[in-house]
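Residues per chain are reported as follows:
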Amino acid sequence: MLGEPFENHWGSNPLMDRPGKMRILVTGGAGYIGSHVAKELKRAGHTPVVLDNLCRGHEWAVKWGPLLKLDLGDRDALFSTFRDHAFDAVIHLAAFAYVGESILKPAEYFQNNVVNTRNLLDAMAHARVNKIIFSSSCAIYGDPQFLPINEDHPQSPKSPYGESKRIAEELLSERHQAGQVSWAALRYFNAAGADPDGEIGEVHEPEPHLIPIAIAAALGDIQRLEIYGTDYDTPDGTAIRDFVHVTDLARAHVVALEYLCATGRSRSFNLGTGLGYSVGEVVAAVAKRTQREVPVAFQPRREGDPAVLVADVSRAAAELRWQPRYSSLDAIVESAYGWYVHYRAKTVAASGGVR
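Reading the values: rules and limits
Numbering of residues begins from 1 in every chain and follows the order in which that chain's sequence is written. pLDDT decides what is reported in this predicted model: residues at 70 or higher carry local features, side-chain atom pairs at 80 or more are listed and counted, and totals for whole chains, interfaces and linings draw on all residues regardless. Remark: hydrogens and water are excluded; side-chain values derive from all non-hydrogen atoms of the structure. Here a strand is any run of E in DSSP of at least two residues, a helix any run of H or I of at least four, and the numbering for each starts at the N terminus. For a compact globule the rule gives 2.2 Å times the number of residues to the power 0.38, and the radius of gyration it is set against comes from C-alpha atoms. Burial classification: accessible surface area is computed with a 1.4 Å probe over protein chains only, and a residue below 20% of its type maximum counts as buried, one above 50% as exposed, and the rest as partly exposed. In what follows, residue pairs with any heavy atoms lying within 4.5 Å of each other are defined as contacts. In this description, accessible areas are obtained by the Shrake-Rupley approach with a 1.4 Å probe, and a residue is regarded as covered only by the protein chains that are shown. Throughout this description, a polar contact denotes any pair of N or O atoms lying within 3.5 Å of each other; where both atoms belong to protein, one of them has to be capable of donating a hydrogen while the other can accept it, and for residues adjacent in sequence the pair is counted only when both atoms sit in side chains. Paired strands, in this sense, are two strands between which DSSP finds at least two bridges. An axis is simply a line fitted to the C-alpha atoms; with a helix, the fit covers only the stretch in contact. Between two such axes, the angle follows the N-to-C directions and lies from 0 to 180 degrees. Relative orientations are named as follows: roughly parallel for angles under 35 degrees, roughly antiparallel for angles over 145 degrees, roughly perpendicular for angles from 65 to 115 degrees, and oblique for any other angle. By convention, the crossing between two helices is left-handed when the near helix turns anticlockwise from the far helix through less than a right angle, and right-handed when the turn is clockwise. This arc is taken over the directions from the axis of the helix to the C-beta atoms.

**Q** How should I be thinking about the overall build of the protein in this particular structure?
**A** Within the protein, the secondary structure is distributed over 11 helices and 14 strands. For the protein, the C-alpha radius of gyration of 20 Å lies close to 20 Å, the compact-globule estimate for 355 residues. Projected onto its principal axes, the C-alpha positions of the protein cover 55 × 50 × 40 Å. Within the span of the protein, comprising 355 residues, buried residues form 54% of the whole. A separation of at least 24 residues holds for 79% of the contacts in the protein among residues at least 6 apart in sequence. Of the roughly 15300 Å² of accessible surface on the protein, a fraction of 49% belongs to carbon and sulfur atoms.

Now the structure itself:
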């Protein structure tokens, strides 16, 4: 089990001290990051209530509180939910999150990520729920003008996905100025890995992320891993990214919520490690763990992919007192591999031995 008990670093707070602590609505809580957030909330003594339409989430991933099957586009049902339940705060993770898909389907991304966020904020205001942690992204920055990227970096998104997150942050700021909410926007870099306890992990169809694709290629479940770009100005020619373990991300949501309750200060925070690993280094780490070669196919660079994306995480360290604990590359790959093998075995068993 995960070792250290959760600590509230900001002193006494009425919400923290009452029995049962807080009841938190977690939108998108049946998804990859959302399910890990729900687990961390429960471990911290809070009660997560998951709201998810299950279009991309998984009912089996909802383990630490009730599930409300609901779409944020259904305003009447959303307002009814806030009337029927007493929530102390909201953690908002429900979104479409694939950069490439957003370029093909921009209207769907703006509807789901912007309009539905506005619906949620309207329902919160009506119910007088005034605290929200927002799942944002480093995609709001666009091409880096300097490295590492801090929260004051200019925002110039290169995709509808990134633009949708930027606009959603603007909505939060506007509602804050109107006196309706206090917020924290958590700008993820590259979420990776799986629950160290093996209870939940990453399952996407199709899978867009490098590490599980590399594991699938190493184990022969797919033909090869496609690597886009080998001529970047990096030590091995492949792109460098800042990978942060999903459990570290999840814990950041809980400390951000408790920070918000204790201070009332609205703020954006980068979530990463401040370190970068190249695609080539990730492939080597997967090969080492699986003890198998990872078959690869080299492709030209994708338009808009920068050579290096690395976070400046000093604000989260100083103000949230958050530090990644599980985010070494080997630890990320180990947890991702353990989950992949476990889930694959379960899937094969459920299908009668046919993969």
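**Q** Explanation requested: the side chain of Ser136 in the structure shown.
**A** By the element assignment, Ser136 lies in strand β5 (residues 131-137). Of the residues examined, Ser136 reaches a relative accessible area of 0% and is grouped as buried. Within the structure, Ser136 has its side chain in polar contact with the side chain of Glu169 (distance 2.6 Å). Aside from chain neighbours lying at most four places away, what touches Ser136 is Lys165, Glu169, Ala185, Leu186, Arg187 and Tyr188.

**Q** Even after reading the chapter, I still don't get the environment of Asp52, so can you show me in this structure?
**A** With respect to the element layout, Asp52 can be found in strand β2 (residues 47-52). By relative accessible area, which is 7% here, Asp52 ends up buried. Ignoring anything within four residues of it in the chain, the contact list for Asp52 reads Gly28, Gly29, Ala30, Gly31, Gly57, Leu67, Leu68, Lys69 and Leu70. A distance of 2.7 Å separates a polar side-chain atom of Asp52 from the backbone nitrogen of Leu54.

**Q** Explain the pairing of strand β8 (residues 225-228) here, please?
**A** Look at any regular strand and the pattern is simple: side chains alternate between the two faces of the sheet. Side chains Leu225 and Ile227 project from β8 onto a buried face, and the interleaved Glu226 and Tyr228 project onto a face without burial. Where β8 lies against strand β13 (residues 296-299), 4 bridges are found, and the strand directions are parallel. What sits directly across from Glu226, in β13, is Ala297.

**Q** In this structure, what is going on with the packing of helix α5 (residues 106-127) against helix α6 (residues 160-177)? I would like to understand it.
**A** The relative placement of two packed helices is expressed as an angle between their axes plus a distance between the axes. At a minimum axis separation of 9 Å, α5 and α6 run at an interaxial angle of 15 degrees. Relative to α6, the element α5 is oriented roughly parallel. In terms of crossing hand, the pair formed by α5 and α6 is right-handed. Contacts from Pro106, Tyr109, Phe110, Asn113, Val114, Thr117, Arg118, Leu121 and Asp122 of α5 reach α6 at Pro160, Tyr161, Glu163, Ser164, Ile167, Ala168, Leu171, Leu172 and Arg175.

**Q** Even after reading the chapter, I still don't get helix α3 (residues 75-84), so can you show me in this structure?
**A** Spacing of three or four residues puts side chains on the same side of an α-helix, whose turn is 3.6 residues. Burial in α3 covers these residues: Leu78, Phe79, Thr81 and Phe82. Angular distribution of buried residues about the axis of α3 spans 155 degrees; they occupy a single face of the element. Exposed residues lying more than 90 degrees from the buried face of α3 are Asp76, Arg83 and Asp84. Where α3 is buried, its residues meet β1 (23-27), β2, β3 (67-69), β4 (89-92) and α5.

**Q** So what exactly am I meant to see when it comes to the pairing of β5 here?
**A** Most of β5 is tucked away: 7 of the 7 residues are buried. Across 3 bridges, β4 lies against β5 in parallel orientation. Among the inter-strand pairings, His92 is bridged to a residue of β5, identified as Phe134. Pairing analysis gives 7 bridges linking β5 to strand β6 (residues 182-188), with the strands arranged parallel. Considered in β6, the bridge of Ser135 is made with Leu186.

**Q** It is not clear to me how the sheet that holds strand β9 (residues 240-241) should be interpreted in this structure. Could you clarify?
**A** Across the sheet, 3 strands lie side by side as β12-β9-β14; this open sheet has mixed pairing. A strand with exactly one partner marks an edge of an open sheet, and here the two such strands are β12 (277-278) and β14 (308-309). The sheet contact formed by β9 and β14 spans 2 bridges and is parallel. If you follow Ile240 over to β14, its bridge partner there is Val308.

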